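Examining the three-dimensional arrangement
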Amino acid sequence: MPKKFDTNPLDPEFPDKAKAQTASVGDYTSPNSPYKTAEFPTSPSSVTEETTRRLAEEQFEAYRFMGGAAPVAYQAAGLPDVGETSDRIVAKTGTPERWLIGLPYIPFTIGLIAGIILLLIMPKTESRVRFHAAQGLAAHVGVLIVTTLLGIIGKVTDLAQLGNGIFTVASTVLLLIFAIKAWRGKPVHIESVDDLTNWLEEKIGPIKQ
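This report concerns the structure included in the present document. (Residues numbered from 1 in each chain as written. Predicted model: local features only at pLDDT ≥ 70, side-chain atom pairs only at ≥ 80, totals over all residues. Heavy atoms only, no water.)

**Topic: the overall build of the protein chain**
Using the following cut-off: By the criteria applied, helices consist of DSSP H or I runs no shorter than four residues and strands consist of E runs no shorter than two, each listed in order from the N terminus. Classification of residues uses two cut-offs on accessible area relative to the type maximum, computed with a 1.4 Å probe and protein chains only: under 20% is buried, over 50% is exposed, and between them is partly exposed. Whether two residues are in contact is decided by their heavy atoms: any pair within 4.5 Å suffices. The Shrake-Rupley method, run with a 1.4 Å probe, gives the accessible areas here. Residue values count only the displayed protein chains as cover.
Of the regular secondary structure elements, the protein chain holds seven helices and two strands. Counting from the amino terminus, the protein chain carries its helices and strands in the arrangement α-α-β-β-α-α-α-α-α. Counting only residues that meet the buried cut, the protein chain has 23% of its 209 residues in that class. Within the protein chain, contacts between residues at least 6 apart in sequence are counted, and of these 65% link residues at least 24 apart. Accessible area of the protein chain: about 16,800 Å², with a carbon and sulfur share of 63%.

Next up, the structure:
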């Protein structure tokens, strides 16, 4: 009798039934079938199998790669290099390119006005001149914003007035360095005004004549 809480799902007679079923399998015979198991041919050998060939040195030369013209290296078309300058005379101004590129970085209103004028008169084909004009103009706008804010704060505290003076001197020296580097053909990139530079170059000029 199974117990009340016996949860064993196996049939108590299962071992005996399994032994009887295993014993009956040994006497099983498969029915006759008209089909036979296919076998791989042994003689002759398979038509897809060939004997490995050994080449002599003179035969191997016929398969040797004799070379040829080297493939031409692919060069992707890049953007114009805005860091290099030259003494090329720029149309519409009759001025060497290096002078036009360094002019927008001159401190105070000189560089500010020069950047605006160059963006208005330079065509899109003069990409180097337009880039430096826009970047120099963006740098001047940034300096004006900071000096204006420091001037407003300086009315409240004397410390802000001192900071305004230090910033003016530092920005003037930095703009002079940028002007000299651009004039000498060195790369000048002011990352902090990238967005403003791109916006100015796109929105200002050139004036159609």
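So that's the structure; there's more coming.
**Quick look at the nonpolar core**
The following threshold applies: Here, the term nonpolar core denotes a set of buried Ala, Val, Leu, Ile, Met, Phe, Trp, Tyr and Cys residues that are joined through side-chain atoms within 4.5 Å.
Core analysis: the biggest nonpolar cluster contains 23 residues, and Tyr105, Leu119, Val129 and Leu200 have the highest contact counts within it. Listed by contribution, the elements that provide at least two residues to this core are α3 (97-102), α4 (108-121), α5 (127-154) and α6 (158-183). At six residues, the largest contribution of residues to this core is made by α5. Once residues within four sequence positions are removed from consideration, Tyr105 is found in contact with His132, Gln135, Gly136, His140, Leu175, Leu176, Phe178, Ala179, Ala182, Val188 and Ile190.

**Observations concerning the side chain of Arg98**
Put simply, the test is: Here a polar contact means two N or O atoms within 3.5 Å. Within protein one must be a hydrogen donor candidate and the other an acceptor candidate, and residues neighboring in sequence count only if both atoms are side-chain atoms.
Within the element layout of this structure, Arg98 appears in helix α3. At a separation of 2.4 Å, a polar atom in the side chain of Arg98 contacts the main-chain carbonyl oxygen of Trp183.

**What to know about the pattern of salt bridges**
Opposite charge on two side chains makes pairing possible when the charged atoms of those side chains draw close. This is how the line gets drawn: We define a salt bridge as a contact between a side-chain nitrogen of Lys or Arg and a carboxyl oxygen of Asp or Glu at a distance within 4 Å.
Counted under the stated rule, the structure contains five salt bridges. Residue Arg128 is joined to Glu97 by a salt bridge in which the shortest nitrogen-to-oxygen separation is 3.1 Å. Of this pair, Arg128 sits in helix α5 while Glu97 is found in helix α3, placing the two residues 31 residues apart along the sequence. Where Glu201 meets Arg130, a salt bridge forms, and the shortest distance between an N and an O atom there is 2.8 Å. Residue Glu201 is found in helix α7 (residues 194-203), and its partner Arg130 is found in helix α5; the two are separated by 71 residues along the sequence.

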